[in-house]
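Survey of secondary and tertiary structure
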Amino acid sequence: QVLLVESGGGLVQAGGSLRVSCLASGRTVSNYPMTWFRQAPDQKREFVGGLSRYGGLYYADSVKGRFGISRDNAKNTVYLQMNSLKAEDTAVYYCATNDGSWSRSPDDYDYWGQGTQVTVSS
């Protein structure tokens, strides 16, 4: 059974930084695509950034240069480092994985965490 647990969300001022984590069990994160999505109220879930099983990194244009994804294989955890946060980054952040190829579409992911709330005050 694959289980993903996000943590590290919270309230931060605009311009600040926050790191959210995704701890996986039942799956080795280095062997599968691991991707971050977010969903703001009344908005569709959108792609933020992802890490392919081959180590490729991908980011949405809206976060490129501000957000970074990393992986700690020993802890079986993937991180999303968020810098220079803006009010429009406010959302619930989810990590997801699948059994196939890396994708930007949330429809292509089979396993999801419960999400962690990130709120950026302006």
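Now for a look at the structure at hand. (Residues numbered from 1 in each chain as written. Predicted model: local features only at pLDDT ≥ 70, side-chain atom pairs only at ≥ 80, totals over all residues. Heavy atoms only, no water.)

Let's shift gears to the overall build of the chain. Of regular secondary structure, the chain possesses zero helices and eleven strands. Taken from the N to the C terminus, the helices and strands of the chain come in the order β-β-β-β-β-β-β-β-β-β-β. Over its C-alpha trace the chain gives a radius of gyration of 13 Å, about what one expects of a compact globule, namely 14 Å for 122 residues. Counting every position in the chain, which comprises 122 residues, the buried fraction comes to 43%. Here the contacts in the chain between residues at least 6 apart in sequence split such that 58% fall between residues at least 24 apart. (Helix = DSSP H or I, 4+ residues; strand = E, 2+ residues; numbered from the N terminus. Rg over C-alpha atoms; globule rule 2.2 N^0.38 Å. Buried < 20%, exposed > 50% of the residue type's maximum accessible area, 1.4 Å probe, protein only. Contact = heavy atoms within 4.5 Å.)

Of the two faces of strand β1 (residues 3-7), the one holding Leu 4 and Glu 6 is buried and the one holding Leu 3, Val 5 and Ser 7 is not buried anywhere. Bridging between β1 and strand β3 (residues 18-25) involves five bridges; their strand directions are antiparallel. Directly across from Leu 3, in β3, lies its bridge partner Ser 25. (Pairing = 2+ DSSP bridges.)

If you look at the biggest cluster of nonpolar residues, it comprises 30 residues, and the most contacted ones within it are Trp 36, Phe 67, Leu 80, Met 82 and Tyr 93. Every element with two or more residues in this core is listed here: β3, β4 (34-39), β5 (46-51), β7 (67-72), β8 (77-82), β9 (91-97) and β11 (116-121). (Core = buried A, V, L, I, M, F, W, Y, C linked by side-chain atoms within 4.5 Å.)

Moving on to the state of the cysteines. Here the structure, examined in full by the defined rule, presents one disulfide. Here Cys 22 pairs with Cys 95 through a disulfide, and the sulfurs are 2.0 Å apart. In this structure the cystine formed by Cys 22 and Cys 95 twists about its S-S bond by roughly 60°; its chirality is therefore right-handed. Taken together, the residues span a long stretch of sequence, with Cys 22 in strand β3 and Cys 95 in strand β9 at a distance of 73 residues. Like Cys 22, the residue Cys 95 is buried in the burial classification. (Disulfide = S-S within 2.5 Å.)

On to the sheet that holds β1. Strands sit in the order β1-β3-β8-β7 across an open sheet of four strands; the sheet is antiparallel. With partners counted over all chains shown, the strands left at the sheet margins are β1 and β7, one partner each. The sheet shows a mean angle of 20° between the axes of neighbouring strands, taken without regard to direction. (Axes fitted to C-alpha atoms, helices over the stretch in contact; angles between N-to-C directions.)

Now for a nonpolar patch on the surface. On the surface, a cluster of nonpolar side chains totalling about 240 Å² of accessible area is made up of Leu 3, Val 5 and Leu 23. Along the polypeptide, Val 5 turns up in strand β1. Assessed through its relative accessible area of 37%, Val 5 is described here as partly exposed. (Patch = residues over 30% accessible without salt bridge, like charges linked within 9 Å, V, L, I, M, F, W, Y side chains within 5 Å. Areas by Shrake-Rupley, 256 points an atom, 1.4 Å probe, with all protein chains shown as cover. Salt bridge = Lys/Arg side-chain N within 4 Å of Asp/Glu carboxyl O.)

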